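Summary of structural features
The residues making up each chain are set out below.
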Amino acid sequence: MIPPEGFCQPEVNPPDGGYELTEDLAFIKKKVLPALFSHPYILPFRSPVNAKAEGIYPDYFKVVTKPMDLRTVKARLENGWYWDIAQCTADINQVWYNAKVYNPPEHTIYKWAVTVSSVTNAWLQKVPKVAKMSDSNKSHVFNLKVCENILETIMNDKSLRHCSEPFLIITSRYANDTYTPTDLDHIKKKLLAGFYKNAQEFATDFRQMISETYRFCIDKDPIIEQAQELHHQFEMAFAKRIQVVTEEVKEEVPEPMVQDAEMDETEILQNILSVGRAMEVELDNMVKKELEVLEEKRFEDARLLVKEIEDIAPEIMEEVIGIMQKNKESLDIESDGTVAVSYDDLSAKTIYEIRKLIRAKKQIKQNSIKLEEESMNVDVMS
């Protein structure tokens, strides 16, 4: 992609929180980068290349497909972008690679890149040796950070408050209850305390909270609909953002057979890719099925809403229109001032709020009629 402004600033803020600096990453931040920034040849590599200012636009971005610079690396270190040293050194080496792939060997920038690359490698030899995490452990660490971000969104995003609020803190109905219900606050405390070993354990608690709602609430309770929407939002985020982890299995084999190493690695890679594709397809199917169920429910709720709304008073209809406008639903105003509404196209949130309003108004009306009847009975008796 060719940036119209003439330069490309890579992302420096991690999308899902950030990671604490490991000992080797801290060494790069405190020792390696300062040494590079003080080098006399470093000027062309400090900041993103401004191709327009250098007179190489747009040709530069046709050759260099992954722009990188040292200030970006520095910002990423400060923001916790990297979870291990390999990611960081890959970005640093990308700077030298870009300079060499765009410029010919006799060009000054090419020669400077070769020199500074050698300086970098010399410094990297001094990086403290730390125990390396396995790929699966790295994925678990990443996924748990994503879980923190998903939970933060669910608990604090204004667009989700209408369905998440009842689940923030759930208290027992009776003082002598020995069972402690699962709620979002409890899940958050366990997550921040490092109780969960992986994202699946976190998801199990979240799903248990939803399951408890279905178990202990009656079908017509409005909280059921809120639980369904909250569950849908969670599963969508979880399916799209959590990495699939293939656990490493260690087996003790008495005497391994001598095989073609290259062929063996190819087969392993094919198996991993096959498993990954199968899991991706399975997740897609799960999401599609859930979306179909939710869409069917939304359509059924819209059908019921049409029946409920037929006989309501004009002043209530004004409140209904107000809810639609607040939720930015599509309203067609006819030439005579009549408002045309396609109820099938309303969002689940709008349908829920309108039905809640109508039920409340009907309850008020029924209470009023009941009071009038009781008053008439008193008059007759007197």
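Predicted model, so just to flag it, every value in this text is computed and none were measured.

Concerning the nonpolar core
Ile154, Leu184, Phe202, Phe206, Leu230 and Phe234 are the most contacted members of the largest nonpolar core, which has 33 residues in total. For this core, the elements supplying multiple residues, two or more each, are helix H7 (135-156), helix H9 (184-192), helix H10 (199-216) and helix H11 (222-241). The element contributing the most residues to this core is H7, with 8 residues. Aside from chain neighbours lying at most four places away, what touches phenylalanine 234 is Ile150, Ile154, Phe202, Ala203, Phe206 and Arg207. Counting residues in each nonpolar core, the second largest holds 24 residues, with Ile42, Ile92, Trp96 and Val127 among its members.

Comments concerning a nonpolar patch on the surface
On the surface, a nonpolar cluster with roughly 250 Å² of combined accessible area is contributed by Val63, Tyr97 and Val101. Examined against the element boundaries, valine 63 turns out to sit in helix H3 (residues 59-63). A residue is classified by how much of its surface remains accessible, and valine 63, at 35% relative accessible area, is partly exposed.

Description of H9
Inspection of H9 places Leu184, Ile187, Lys190 and Leu191 among the buried residues, and these make up the whole buried set. Looking straight down H9, one finds that the buried residues subtend no more than 125 degrees of arc, so they occupy a single side. Those residues of H9 that are exposed and angled more than 90 degrees off the buried face are Lys189 and Leu192. You can read the cap of H9 off the contacts: a side-chain oxygen lies 3.3 Å from the backbone nitrogen of aspartate 185, and it is on aspartate 183. The first or second residue beyond H9 is glycine 194, which carries a positive phi of 75 degrees.

Cut-offs and rules
- Each chain carries its own residue numbering, running from 1 in the direction its sequence is written.
- For a predicted model such as this one, the threshold for reporting local features is a pLDDT of at least 70, and the threshold for listing and counting side-chain atom pairs is 80 or more; totals across whole chains, interfaces and linings nevertheless cover every residue.
- Working from all heavy atoms in the structure, the side-chain values ignore hydrogens and water.
- Definition used in this section: a nonpolar core is a set of buried Ala, Val, Leu, Ile, Met, Phe, Trp, Tyr and Cys residues joined via side-chain atoms within 4.5 Å.
- Partly exposed describes any residue whose relative accessible area lies between the buried limit of under 20% and the exposed limit of over 50%, with all areas from a 1.4 Å probe on protein chains only and scaled to the type maximum.
- Segments assigned H or I by DSSP are reported as helices when at least four residues long, segments assigned E as strands when at least two residues long, and all are numbered from the N terminus.
- When checking whether two residues touch, look at their non-hydrogen atoms; a contact exists if any pair is within 4.5 Å.
- The patch calculation keeps residues exceeding 30% relative accessible area without a salt bridge and links them within 9 Å when they carry like charges or within 5 Å when they are nonpolar (Val, Leu, Ile, Met, Phe, Trp, Tyr).
- Here the Shrake-Rupley method, with its probe set to 1.4 Å, supplies the accessible areas, and only the displayed protein chains count as covering residues.
- A pair is scored as a salt bridge if a Lys or Arg side-chain nitrogen falls within 4 Å of a carboxyl oxygen belonging to Asp or Glu.
- As used here, the arc is the angular range of directions from the helix axis to the C-beta atoms.
- Polar contacts, as used here, are pairs of N or O atoms within 3.5 Å; protein pairs need one atom able to donate a hydrogen and one able to accept it. Residues neighboring in sequence count only if both atoms are side-chain atoms.

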